[in-house]
Amino acid sequence: MADASTQVRPGGRSAKVRAAVHSAVAELLAEEEAETLTLPAVAARAGVHPTTLYRRWGSVAQLLNDVATSRFTDDLVVPDSGSLADDLQRWLADVATDVADPDTLALMRATIGSGPAGGCACVEDRHRQLGAILQREHDRGGPVLDVESAADFLLGPLYYRAVFTPEPASADWARAMVTTYLATLKAS
């Protein structure tokens, strides 16, 4: 049997159902606690039969992963100012603004709470974006910087504040994190 993520067909009714289901998940997460989210509730809100959701996604966790992957893929423009500091500051400020949005935060918390793959769905594209910024700096003659280390330093605290504290990080806080990160690189 094919993986649920490979069964999605582009266009037509399939795309309309997927869009309706994704919208229903967002609406329900805005209204209720994530623990109350069920495939039948999503199906009712989306106007489709529950069997459709069970066949396509199989579980709430898989559905949340699909919604999060869709939501966080290519959602931010990767800046290219010619300066690593400027690119990182703009990008991380945009990430901070994005994850501070209540609807985004509800989706992140629900997805992370749905299982081990949930966290990956929320950050996979962020790692790709960060990698593009770091690769661009290397292509300009700068040092080779490790994406995982940069993500640990920059995204780790930002996501921690968003998910586990009542006050998500601000854009200014994110820019200050970049300044500290770059200072740490110069000191080492």
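In case you missed it, the structure is sitting above this.
Residues numbered from 1 in each chain as written. Predicted model: local features only at pLDDT ≥ 70, side-chain atom pairs only at ≥ 80, totals over all residues. Heavy atoms only, no water.

J.: Go over the overall build of the chain, please, and point to the residues and values.
T.: In terms of regular secondary structure, the chain is built from nine helices and zero strands. Secondary structure of the chain in N-to-C order comes out as α-α-α-α-α-α-α-α-α. When the backbone C-alpha atoms are referred to their principal axes, the chain occupies close to 60 × 35 × 25 Å. Each of the 188 residues in the chain was classed as buried or not, and the buried ones make up 39%. Look at the contacts in the chain between residues 6 or more apart in sequence, and 67% of them connect residues 24 or more apart. The positive charge centre, built from 17 side chains, and the negative charge centre, built from 25, are 6 Å apart in the chain. (Helix = DSSP H or I, 4+ residues; strand = E, 2+ residues; numbered from the N terminus. Buried < 20%, exposed > 50% of the residue type's maximum accessible area, 1.4 Å probe, protein only. Contact = heavy atoms within 4.5 Å. Lys, Arg positive; Asp, Glu negative; His and termini not counted. Charge placed at Lys NZ, Arg CZ, Asp CG, Glu CD.)

J.: Explain the pattern of salt bridges to me, using residue names and the numbers behind them.
T.: Side chains bearing opposite charge may pair, as long as their charged atoms lie close to each other. If you walk through the whole model with that rule in mind, you get twelve salt bridges. Residue Arg-45 is joined to Glu-27 by a salt bridge in which the shortest nitrogen-to-oxygen separation is 3.1 Å. One end of the pair, Arg-45, is in helix H2 (residues 39–46); the other, Glu-27, is in helix H1 (residues 12–31), and 18 residues separate them in sequence. We classify Arg-45 as partly exposed; its relative accessible area is 34%. (Salt bridge = Lys/Arg side-chain N within 4 Å of Asp/Glu carboxyl O.)

J.: How would you explain the packing of helix H5 (residues 84–100) against helix H9 (residues 171–187) if you had to name every residue and give the values?
T.: At a closest axis distance of 8 Å, the pairing of H5 and H9 adopts a crossing angle of 145°. Pair H5 / H9 crosses with right-handed handedness. Residues Leu-84, Ala-85, Leu-88, Gln-89, Leu-92, Ala-93, Ala-96 and Thr-97 of H5 touch H9, and the partners they reach there are Ala-171, Ala-174, Arg-175, Met-177, Val-178, Thr-179, Tyr-181 and Leu-182. When grouped by side-chain class, the residues that make up the contact of H5 with H9 number twelve nonpolar, three polar and one charged. (Axes fitted to C-alpha atoms, helices over the stretch in contact; angles between N-to-C directions. Left-handed = near helix turned anticlockwise from the far one by under 90°. Nonpolar A, V, L, I, M, F, W, Y, C, P; charged D, E, K, R; others polar.)

J.: For the packing of aromatic side chains, give the residues involved together with the corresponding values.
T.: Centre distance and the angle of the planes are the two values used to describe a pair of aromatic rings. Using the criterion set out here, one finds two aromatic pairs in the structure. Both rings, one in Phe-153 and one in Tyr-181, keep their centres 5.3 Å apart while their planes meet at 50°; by these two values the pair is tilted. Here Tyr-181 lies in helix H9 and Phe-153 lies in helix H8 (residues 147–164), a separation of 28 residues in the sequence. On the basis of relative accessible area, Phe-153 is assigned to the partly exposed category, the value being 26%. Judged by its relative accessible area of 5%, Tyr-181 is buried. With a centroid separation of 5.6 Å and an interplanar angle of 35°, the aromatic rings of Tyr-160 and Phe-164 are classed as tilted. Of this pair, Tyr-160 and Phe-164 both sit in helix H8, four residues apart, which is roughly one turn of the helix. Across the ring face of Trp-173, the terminal group of Arg-161 is positioned such that the distance to the ring centre comes to 4.9 Å. (Phe/Tyr/Trp six-rings, centres within 6.5 Å; stacked < 30°, edge-to-face > 60°. Lys NZ or Arg CZ within 6 Å of the ring centre and 35° of its normal.)

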